[in-house]
Every structure is written in structure tokens, then in C-alpha cells.
Amino acid sequence: MSFEGKTAWITGASSGIGAALAGDWSGRGANVILSGRDEGRLAEVASGLGTDTLILPFDVRDEAAMQAATEQAIGWKGNVDIFVANAGISQRSPAVQTSMQVYRDIIEIDLTAQIAATQALLPHFAQRGDGHLLFISSIAGKVGVPMRTAYCAAKHGLIGYADALRGELSRSDIGVHVICPGSVATDVSRNALTSDGSKRGRSDKVIDNGIRPDDAARRIVDAVAEGQREIIVAEGMEEAMGEMRRTPDALFDQVAAMVASGYMEKMQTEE
């Protein structure tokens, strides 16, 4: 699959996996839209890209700003071919000590805002009938990992939304891809929320020694090009855990067959 001339919109694009995906897609000839809260850091990412780039800074929790950004993103080149729901924040705190506000904040950023952004763009994708929707979940979206109860709840939920959406769109040429990274060498642990909502401020050794973001991005884009629906990007024990919880392709096919046989129409007309 060629990405030459396609338009890829990436949220959480100021650093880490998001920035690396921007670089990889640009290297394959795609135009790139960068979104995040920090316009300065987005500009730094844009300066290293070799294709047309549009910077659309906004906070994913601001639905009005997100809606406006969606209109700008579509209008820039006339379409969005690839959308990456990547913005997110992690957690490092035991459940018994964690305030409910931390749960609300993480679920809003990592789940609700990603759904809202996708829903805003979905009519555009549905009208065109093709493209790629990517949801950056985590191995923690497949396996319950201690010290991350809020993060796991949000990332599990994101997979559920994506899998259901994939079934609904299975009669189109829209690819829905769930990405489950393990430890990638980013600031995810340093920026993680603690029990009172403050930033942790330090990283984990396993994160620092994790997969390089550029390598993770290459593996993700290669897998999207191959049409993989669930993409595990991890190594060692994390990869083994992800594979143990991998959703079989046969199950995705079964859901698509339900839709093809009229399941949705039947559900809409039943009293």
C-alpha cells in the first residue's frame, strides 16, 4: 500500500509515538496534520518533516476546538485519509490511594475525548467509504496492569469502541486498527498521574530501555499497510502477554459476517 499524497492527522503529535508516526508517514510521502496542546513543540516536529504539514493545536477535552479543528483538517487537502487517536496520559498509583478525579481525568482524555474526535470525523470517512482509523491503546488495554487501574479502564474501553466500530464499518473500505504498544521510550511514565493527580516526574527503567519511537512507528505503519486489525508492538514478556490476549482474526471476521447478514438493520427495526 502506498501512502504517497495521503493526508494523515495525528493527535498527541508533539512527542513520542505521535511525533514518530508523523515522521514515518511523511517519509512515505504523506501530508501530515499535527495536533496537540503545545504549538511550539508541534512546530518543532513539523520542521523535521519533508511533506506538507498543518499544525492544529487544541486540547482534546475542548469539544468546540476539536470540532473546529476537524473542519480545518478536512478542508486543508479536501480529505483526511488516516486519523490517529493517540493523545493520552498514563498513571502510576495504587487504586486504594487514587482519587476519583484521577479516574475522571484519565478516562476523559484517553477514552471519551478520543471517541469524540473520531465521531466528529466519522461522517467524512463514511461518506468517502475508505481510509484508516488508528486507535493507540496499550498492552495495558489488553491486560490489567497494577498501578494503572484508570489507564487500563480507559485503554480497554478504547479497544471496545474500536472493535465495535470496525464491525459497523466492515462493509466499507475503512480500516480500523487497534495499536497495543508495550514499553516505548517516551515520556509516558514521567508525565503519568499519581494518586492526587500530580505528575510523577520520573521515568521507569523499563520505559527508558523500551522500543525506540521511530522503530515503533515503522512497525505500526507497516502493519497498517498490511491491513492488520490488531497490532501489538512490544517485546519480551509484554509481547507474550499481548499475544495471550490477542483477539483472533476469526472473531473479527465473525462480527463482520453478522453485519453483512443484516444484523444492524435487524436491530434497528426490531420492536
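Just so you know, these numbers come straight off a predicted model, no measurement behind them.

Chemist: Tell me about the sheet that holds strand E1 (residues 7–10), residues and numbers included.
Modeler: Where strands meet in a sheet, backbone hydrogen bonds hold them as pairs that are either parallel or antiparallel. Spatial ordering of the open sheet is given by E3-E2-E1-E4-E5-E6-E7, a layout of seven strands whose pairing is parallel. Looking at strand neighbours, the two that pair on one side only are strand E3 (53–55) and strand E7 (230–233), the edges of this open sheet. When strand polarity is set aside, the average angle formed by the axes of neighbouring strands in this sheet is 15°. In terms of strand pairing, strand E6 (residues 173–181) meets E7 through four bridges, oriented parallel. Following the sheet pairing, Pro-181 is matched in E7 by Val-233. Relative to the sheet, helix H7 (residues 213–225) contacts strand E5 (130–136), E6 and E7, its axis offset from that of E7 by approximately 160°.

Chemist: Which residues make up unusual backbone geometry, and what values do they have?
Modeler: Among all residues except glycine, the phi angle is most often negative; among peptide bonds, the trans geometry is most common. Residue Met-147 is not a glycine yet carries a positive backbone phi of 75°. By relative accessible area, Met-147 is classed as partly exposed at 37%.

Chemist: So what's going on with the packing of aromatic side chains? Which residues, and what values?
Modeler: For the structure on display, the rule yields three aromatic pairs. Note on Phe-3 and Trp-25: the rings are 5.8 Å apart at their centroids and 85° apart in plane angle, and the pair reads as edge-to-face. With Phe-3 in the segment before E1 and Trp-25 in helix H1 (residues 16–27), the pair connects residues that are 22 residues apart, well separated along the chain. Note on Phe-3: relative accessible area 3%, which makes it buried. Ring plane angle 75° and centroid distance 5.8 Å describe the contact between Phe-135 and Tyr-161, whose orientation is recorded as edge-to-face. Of this pair, Phe-135 sits in strand E5 while Tyr-161 sits in helix H5 (residues 149–168), and the two are 26 residues apart along the sequence. Seen from the ring of Trp-76, Lys-77 lies directly overhead, with NZ or CZ sitting 4.9 Å from the centre. Its end group placed over the ring of Phe-252, Arg-166 keeps NZ or CZ at 4.4 Å from the ring centre.

Chemist: Please set out the state of the cysteines residue by residue, giving values where relevant.
Modeler: In the structure shown here, the tally under the stated rule is zero disulfides. Free cysteine Cys-152: the closest other cysteine sulfur is in Cys-180, separated by 11 Å. By relative accessible area, Cys-152 is classed as buried at 7%.

Chemist: Any details on the UniProt feature "domain: Ketoreductase" (unreviewed entry) in the protein chain? Residues and values, ideally.
Modeler: The UniProt entry lists residues 6–177 under the feature "domain: Ketoreductase" (unreviewed entry), expressed in the numbering used here. Between the C-alpha atoms that bound residues 6–177 there is a distance of 17 Å. The span itself is 49% helix and 16% strand.

Chemist: Explain the pattern of salt bridges residue by residue, including any values.
Modeler: Two side chains bearing opposite charge may form a pair once their charged atoms approach each other closely. Considering all chains together, one arrives at 19 salt bridges under this definition. Close ionic contact of Glu-265 with Arg-171 constitutes a salt bridge, the shortest N to O distance being 2.8 Å. A residue pair is termed long-range when its members are at least 10 positions apart, and Glu-265 in helix H10 (residues 263–269) and Arg-171 in the loop between H5 and E6 qualify at 94 residues. Here Glu-265 falls in the partly exposed class, since its relative accessible area comes to 34%. In this structure, Asp-249 and Arg-229 form a salt bridge, with 3.4 Å as the shortest nitrogen-oxygen distance.

Chemist: An account of a nonpolar patch on the surface is needed here, citing residue identities and associated values.
Modeler: Nonpolar side chains collect at one region of the surface, where Leu-251, Val-255, Met-258, Tyr-263 and Met-267 lie side by side and expose about 420 Å² of accessible area between them. Those elements that provide at least two residues to the nonpolar patch are helix H9 (249–260) and H10. The greatest single-element share of the nonpolar patch, amounting to three residues, is contributed by H9. In this fold, Met-267 is placed in helix H10.

Conventions used here
- Residues numbered from 1 in each chain as written.
- Predicted model: local features only at pLDDT ≥ 70, side-chain atom pairs only at ≥ 80, totals over all residues.
- Heavy atoms only, no water.
- Pairing = 2+ DSSP bridges.
- Helix = DSSP H or I, 4+ residues; strand = E, 2+ residues; numbered from the N terminus.
- Axes fitted to C-alpha atoms, helices over the stretch in contact; angles between N-to-C directions.
- Contact = heavy atoms within 4.5 Å.
- Buried < 20%, exposed > 50% of the residue type's maximum accessible area, 1.4 Å probe, protein only.
- Phe/Tyr/Trp six-rings, centres within 6.5 Å; stacked < 30°, edge-to-face > 60°.
- Lys NZ or Arg CZ within 6 Å of the ring centre and 35° of its normal.
- Disulfide = S-S within 2.5 Å.
- UniProt positions renumbered as here; feature names shortened; annotations may be inferred.
- Salt bridge = Lys/Arg side-chain N within 4 Å of Asp/Glu carboxyl O.
- Patch = residues over 30% accessible without salt bridge, like charges linked within 9 Å, V, L, I, M, F, W, Y side chains within 5 Å.
- Areas by Shrake-Rupley, 256 points an atom, 1.4 Å probe, with all protein chains shown as cover.

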